[in-house]
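Chain by chain, the residues:
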Amino acid sequence: MAVNWFALENDIKAILKNPQWDDGHIGPVLVRLAWHASGTYSKKDNTGGSDGATMRFNPESSDGANAGLEKARAMLEPLKQKHPNVSRADLWTLAGVVAIEAMQGPRTPWYPGRTDKEKPKTAEIPPNGRLPDASQGSSHIRDVFYRMGFNDRDIVALSGAHTLGRCHTDRSGYTGPWTNTPTRFSNQYFKLLVNETWTKKEWNGPLQYEDSSKELMMLPTDMALIWDAKFKPIVEEYAADKELFFKDFAAAFGKLLELGVKRPAAKL
Ligand code: HIF
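On a predicted model such as this, the values are computed, not experimentally measured, just so you know. (Residues numbered from 1 in each chain as written. Predicted model: local features only at pLDDT ≥ 70, side-chain atom pairs only at ≥ 80, totals over all residues.)

**Q** Provide a residue-level description of the nonpolar core, including the pertinent values.
**A** Grouped burial of nonpolar side chains is what soluble globular proteins tend to show. Counting residues in each nonpolar core, the largest one holds 64 residues, and the members touching the most others are Leu30, Trp92 and Ala95. Take this core: its biggest share by element is 9 residues, from helix α4 (residues 88–102). Taken domain by domain, this core gets at least three of its residues from each of domain 1 (5–130 + 252–258) and domain 2 (138–249). Apart from residues no more than four positions distant in its own chain, Trp92 is found in contact with Leu33, Ala34, Ala37, Ser50, Ala53 and Leu76. (Core = buried A, V, L, I, M, F, W, Y, C linked by C-beta atoms within 7 Å. Buried ≥ 20, exposed ≤ 12 C-beta atoms within 10 Å, placed from the backbone. Helix = DSSP H or I, 4+ residues; strand = E, 2+ residues; numbered from the N terminus. Domains from an automatic or database assignment. Contact = placed C-beta atoms within 7 Å.)

Set out below in structure tokens:
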């Protein structure tokens, strides 16, 4: 039986606002789930990616990079029960798309057709270590995103998603939001990177940067975007032109969600 996509999107929208969750909204953590499900892809051997919904299984489920995402998956589970014909792989990626749009972002091109692996062989589950390490610099960022098939412009466009959400000491070890509007999609992240003065936070946690108000944060990988001579001009372009950022982001995020999906290639 087919999935009623219209009803499913409405059901996703209905669970986004949640007073029990950070900033009253689960949208940001759903975007992180969609990205971490997809970002394990390697074009070298065409392994990883969202198809299969392998994040339910070890070692991917217990990868430190995915800490906290079990909560996001659990929050989507009632929708899987209500719409039994949707694959979890489609549900997790679509939820990210619906969340971004509901937070006033662009509509990301998205296509169904992923299937769930029920008893994956070890070789079908991506190994730990494919997702980026926030303590590193631009060469690591390039290694990880070039492996997925992205270029420098895609990397900077995607990075704008850190306008959403926040870091948690019990998940990544880092703390705080990137912007004052963590549930509204915009080019604020780029504006802050360019216009704020970022200094090292003095605390017992991992190295991160704070703005002059000490309320906002940047990870070392975020700072790398303005320290790298090729990334920086692209950051400046997106800080100055929200429409351009929205257009490039939607294309790059759509490409991310398609990585490794095993069906006739969708037109992007
Ligand atoms: Fe994130 N990211 N990300 N990220 N991310 C975190 C949180 C979010 C990286 C590290 C972290 C992307 C790239 C990278 C979101 C979306 C995207 C956290 C905090 C860390 C450490 C987790 C926690 O403690 O809860 C690194 C190193 C990246 C490569 C440079 C993408 C582009 C920006 C691909 C992307 O879309 C979102 C949304 C969150 C917020 C989650 C939340 O629970 O609020």
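Here the narrative resumes, following the displayed structure.
**Q** Go over the site of the ligand with me, naming the residues and quoting the values.
**A** Pro28, Ala161, Gly165, Arg171 and Ser172 are the nearest of the 24 residues found near the ligand. Secondary-structure elements contributing two or more residues to the shell around the ligand are α2 (27–38), α6 (152–159) and β1 (166–167). Take the shell around the ligand: its biggest share by element is 5 residues, from α2. Looking at the shell around the ligand residue by residue, the class counts come to 13 nonpolar, 7 polar and 4 charged. A domain split of the shell around the ligand shows at least three residues from each of domain 1 (5–130 + 252–258) and domain 2 (138–249). (Near = placed C-beta within 6 Å. Nonpolar A, V, L, I, M, F, W, Y, C, P; charged D, E, K, R; others polar.)

**Q** Tell me about the sheet that holds strand β5 (residues 217–218), residues and numbers included.
**A** Spatially, 3 strands are ordered β3-β4-β5 in an open sheet, and the strand pairing comes out antiparallel. Two strands close off the open sheet at either side, each with one partner strand: β3 (199–200) and β5. Note: β3 against strand β4 (residues 209–210), 2 bridges, orientation antiparallel. Its bridge partner lying in β4, Thr199 is registered against Glu210. (Pairing = 2+ DSSP bridges.)

**Q** I'd like a rundown of the packing of α2 against α4, residues and numbers included.
**A** Running from N to C, α2 and α4 point in directions that differ by 140°, and their axes come no closer than 8 Å. One finds that α2 runs oblique with respect to α4. Crossing geometry of α2 relative to α4 is assigned as left-handed. Side by side, α2 and α4 meet where Gly27, Leu30, Val31, Leu33, Ala34, Trp35, Ala37 and Ser38 of the first sit next to Trp92, Thr93, Ala95, Gly96, Ala99, Ile100 and Ala102 of the second. Within the contact of α2 with α4, the residues separate by chemical class into 11 nonpolar, 4 polar and no charged. (Axes fitted to C-alpha atoms, helices over the stretch in contact; angles between N-to-C directions. Parallel < 35°, antiparallel > 145°, perpendicular 65-115°, else oblique. Left-handed = near helix turned anticlockwise from the far one by under 90°.)

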